[in-house]
Amino acid sequence: MSLEHPDETQAAQPSGAVATRARQRSRRGLIVAAVVVVLFGSSASVWWIASQARTPEQRASNAAAPPPSRITGKVSDQQLVERMELTGKVETAARTTITGVQPQGTSRAVVTALPAAAGKSLKAGAVVAEVSGRPVLLLPGRFPAYRDLKAGDKGPDVQQLQRALQPLYGTAVNGTYGPATVDAVRKLYVAAGYEAPAGQGQSTTGGSGSTSGTARGGGASAGGGTAPRGGAETDGGTRAAPGANGTGGANGTGGASAPPARGPDTPPAAGPAKPGELLPAAEVAYVSALPATVVQVTAAVGDAADKPLVVLGSGGRQVRAALSADQRTQLRDLPADAVIRFGTGPYEGREGTLGSLNSPSDGKSGDQQGKSGGQDGAATAGTGAAAGTGAGTGNGSGTAGGQHEALFVPTGAEAKEGSAQQISVELRRSPKGALTVPVSAVWTDLGGSSTVTVTEGGKERNIPVEVLFTHEGLSAVHALDENLAAGQTVVLVRRGSPAGGGADGGSGGASGGTDD
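As a starting point, this report considers the structure included with it. Model, not experiment: these values are computed from the prediction.

### Focus: unusual backbone geometry
So, step 1. Of note, the amide linkage connecting L290 to P291 takes the cis form, showing an omega dihedral of 5°.
So, step 2. Relative to the helices and strands, P291 resides in the loop between β10 (284–287) and β11 (292–297).
So, step 3. In this structure, S132 takes a positive phi of about 50° despite not being glycine.
So, step 4. Taking the relative accessible area as the measure of exposure, S132 reaches 27% and is therefore partly exposed.
So, step 5. Although it is not a glycine, E472 adopts a positive phi angle of roughly 50°.
So, step 6. By relative accessible area, which is 71% here, E472 ends up exposed.

Structure below.
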């Protein structure tokens, strides 16, 4: 006999039914979601297909070419100017290097004073340097001293000395080293604070065989020789290296005297010598024009003096600018009436001229333009070459570092050496009567003929033109057959139809144009 529990059986049956009903509801939810997704996808597909549908008219309209359009520009009567912009530095037109000379009778030359500082302006009679106690006096002249001058000497070097002394002491220019010249030379030394050397190997005290005294050493000796003395020589603006031991003057003697040409007023061989009867070549430095500016002091007191001591600049100012090879070619072909104007710098707003062109292949010579010349024969030659003639026929300067250079000559007052200066060179200018159009307005056919298309009142006409030159997106043109006037509208670019007379022949640039 078994015992049953009716309450437990009844409780178990309802829980199984609940689980079954839950599973049935979950299946129904999945079916509903799937149906919704299918319906949504079908609707989207129908919408996309409908959106892509076109009528034949719509398809034809979309396939047709866009309506014609064009970009236009204006004709201008403003002159077209092509300029070259350069940057240069101000420098003196001529350079002269003062080089010490080894004293005769000694083993070395010593720098004992350098009164001329860099940037200082020196006039005639100024002391440039002092070598072994003797002065180097500055005078204007076209060539360096090549011999010691004595009373009675004649020649072009005597005339040059007299021309230099004339403004100071009224010395007559007759080519003979006479009493008036002797007196002027004595005054020159006294004004500089030195005693003038005596000539003819005579003692100033009349004592045979004794040397004549000087304020700071040096002077002439008995028997026609010279006592140990210092001094210097110049390169005459050529920058050529002097000979060893002071040689390099005429006949290779440097400071030593060449046999002089004697005049009738030569002092007697016997008797006391007078200060001023001798002017050693090593104690005078000639430069092309004065005043001169000390560009550089290359030595110091106590140095051996048989080397460059001081570099002087004279003869006005010039502006040196570096060039590319193409720029040099353009400047070489520069028209005679081209305008050269100075921009930012000490010569701002002033005009100038082209002095010379130099290139690495020129060596020490440059292409002289002949448009300007310096004072007393000094042209626009710079460091590294002899000065040219005032007519501009001389050679220009050699180039530094193997680069192309141009030398420009400004007008007006002198400026500080080394100042930066902008230069604007007008290379080309369109002539009067020429017109300017955007470069894309010019249509050129295969035969090389050029036209511009003018549009007026909805109509177009092609005008043959001659292109003079093009610069910075503009062309200077001259109409050949028909009138072309400033303010007219020209076609630059067409879209949707070929350009009349120049089918697809123009450039596509649209700079400065307006869309019709």
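### Focus: the pattern of salt bridges
So, step 1. All told, the structure shown has 15 salt bridges when counted by the stated rule.
So, step 2. Linking E351 and R341 is a salt bridge whose minimum nitrogen-to-oxygen distance equals 2.8 Å. With E351 in strand β14 (residues 351–358) and R341 in strand β13 (residues 340–342), this residue pair connects regions lying ten residues apart in the sequence.
So, step 3. Each of E91, R95, R320, E405 and E417 takes part in salt bridges that share partners, so that together they form one network.

### Remarks on the pairing of β11
So, step 1. In this structure, strand β4 (residues 121–122) lies alongside β11, joined through two bridges in antiparallel fashion. Residue pairing across strands places S121 opposite T293, the latter belonging to β11.
So, step 2. Note that β11 and strand β12 (residues 308–323) share four bridges and pair antiparallel. The residue bridging T293 from the neighbouring strand is G313, located in β12.

### Regarding the sheet that holds strand β3 (residues 111–113)
So, step 1. One open sheet holds the four strands; their spatial order is β3-β5-β6-β10, and the pairing between them is mixed. The outermost strands of the open sheet, each flanked by one partner alone, are β3 and β10. Neighbouring strand axes in the sheet, compared pairwise and without regard to direction, differ in orientation by 35° on average.
So, step 2. Of the strand pairs in this sheet, β3 and strand β5 (residues 127–131) are connected by two bridges, and their pairing is antiparallel. Pairing of V111 across the sheet is with V131, part of β5.
So, step 3. In this fold helix α3 (residues 156–169) packs onto β6 (134–140) and β10, with an angle of close to 85° to the strand it touches most, β6.
So, step 4. Docked against the sheet, helix α4 (residues 179–192) engages β5 and β6, running at close to 115° with respect to β6.

### A closer look at the packing of aromatic side chains
So, step 1. Following the criterion strictly, the structure yields two aromatic pairs and no others.
So, step 2. When the ring of F342 is compared with that of Y347, the centres are 6.0 Å apart and the planes differ by 50°; the resulting orientation is tilted.
So, step 3. A relative accessible area of 2% means that F342 is categorised as buried.

### Let's talk about a positive patch on the surface
So, step 1. Among the surface-exposed residues, R21, R23, R25, R27 and R28 lie close enough to one another that they form a single positively charged patch.
So, step 2. Positionally, R28 belongs in helix α1 (residues 6–51).

### Details of the nonpolar core
So, step 1. If you look at the biggest cluster of nonpolar residues, it comprises 21 residues, and the most contacted ones within it are L139, L161, Y177, V185, Y189 and L279.
So, step 2. Listed by contribution, the elements that provide at least two residues to this core are β6, α3, α4 and β10.
So, step 3. Looking at which element gives the most residues to this core, the answer is α4, with six residues.
So, step 4. Excluding anything up to four places from it in sequence, Y189 contacts R134, P135, L137, Y194, E195, A196, P197, L279, P280 and E283.

### What to know about the environment of R341
So, step 1. According to the relative accessible area criterion, R341 is partly exposed, its value standing at 39%.
So, step 2. Between the alpha carbons of R341 and S424 there is a distance of 5.3 Å; along the sequence they are 83 residues apart.
So, step 3. Aside from chain neighbours lying at most four places away, what touches R341 is G349, R350, E351, Q422, I423 and S424.
So, step 4. A polar contact of 2.8 Å, which involves the side chain of R341, links it to the side chain of E351.

### Examining the pairing of β6
So, step 1. The buried fraction of β6 is high, at six of seven residues.
So, step 2. Relative to β6, β5 is paired through four bridges, and the arrangement is antiparallel. Counted as the bridge partner of A129 is V136 from β6.
So, step 3. Between β5 and the antiparallel strand that follows it, β6, lie two residues; S132 among them carries a positive phi value of about 50°.
So, step 4. Summarising the sheet, β6 and β10 pair through four bridges and their orientation is parallel. Opposite P140, over in β10, you have V287 as the bridge partner.

### Thoughts on α4
So, step 1. Between the first and last C-alpha of α4 there are 20 Å, a value that for 14 residues agrees with the 20 Å anticipated at 1.5 Å per step.
So, step 2. Listed as buried for α4 are T181, V182, A184, V185, L188, Y189 and A192. Taken down its axis, α4 places every buried residue within 165° of arc, on the same side. Facing away from the buried side of α4 by over 90 degrees, the exposed positions are P179, A180, V190 and A191.
So, step 3. Residues of α4 that are buried sit in contact with β5, β6, α3 and β9 (278–279).
So, step 4. G193 sits one or two positions beyond α4 and adopts a positive phi of about 90°.

### Comments concerning the packing of α3 against α4
So, step 1. Viewed as axis vectors pointing N to C, α3 and α4 meet at an angle of 65°, and their least axial separation amounts to 10 Å. Here α3 is positioned roughly perpendicular relative to α4, judged by the angle of their axes. Between α3 and α4 lies a crossing whose hand is left-handed. Contacts between α3 and α4 involve L161, Q162, L165, L168 and Y169 from the first element and T181, A184, V185, K187, L188 and A191 from the second.
So, step 2. Grouping the constituent residues of the contact of α3 with α4 by class yields eight nonpolar, two polar and one charged.

### Quick notes on α3
So, step 1. In a regular helix each residue adds 1.5 Å, so 14 residues correspond to 20 Å; α3 covers 19 Å between its end C-alpha atoms and thus fits that length.
So, step 2. For α3, the set of buried residues is D157, V158, Q160, L161, Q162, A164 and L165.
So, step 3. Along its buried surface, α3 packs onto β6, β7 (149–150), α4, β9 and β10.
So, step 4. Downstream of α3 by a residue or two, G170 has a phi angle that is positive, lying close to 70°.

About the criteria used
- Residues numbered from 1 in each chain as written.
- Predicted model: local features only at pLDDT ≥ 70, side-chain atom pairs only at ≥ 80, totals over all residues.
- Heavy atoms only, no water.
- Helix = DSSP H or I, 4+ residues; strand = E, 2+ residues; numbered from the N terminus.
- Buried < 20%, exposed > 50% of the residue type's maximum accessible area, 1.4 Å probe, protein only.
- Salt bridge = Lys/Arg side-chain N within 4 Å of Asp/Glu carboxyl O.
- Pairing = 2+ DSSP bridges.
- Axes fitted to C-alpha atoms, helices over the stretch in contact; angles between N-to-C directions.
- Contact = heavy atoms within 4.5 Å.
- Phe/Tyr/Trp six-rings, centres within 6.5 Å; stacked < 30°, edge-to-face > 60°.
- Patch = residues over 30% accessible without salt bridge, like charges linked within 9 Å, V, L, I, M, F, W, Y side chains within 5 Å.
- Areas by Shrake-Rupley, 256 points an atom, 1.4 Å probe, with all protein chains shown as cover.
- Lys, Arg positive; Asp, Glu negative; His and termini not counted.
- Charge placed at Lys NZ, Arg CZ, Asp CG, Glu CD.
- Core = buried A, V, L, I, M, F, W, Y, C linked by side-chain atoms within 4.5 Å.
- Polar contact = N/O pair within 3.5 Å; in protein donor to acceptor, adjacent residues only side chain to side chain.
- Expected span 1.5 Å × (residues − 1).
- Arc of directions from axis to C-beta.
- Parallel < 35°, antiparallel > 145°, perpendicular 65-115°, else oblique.
- Left-handed = near helix turned anticlockwise from the far one by under 90°.
- Nonpolar A, V, L, I, M, F, W, Y, C, P; charged D, E, K, R; others polar.

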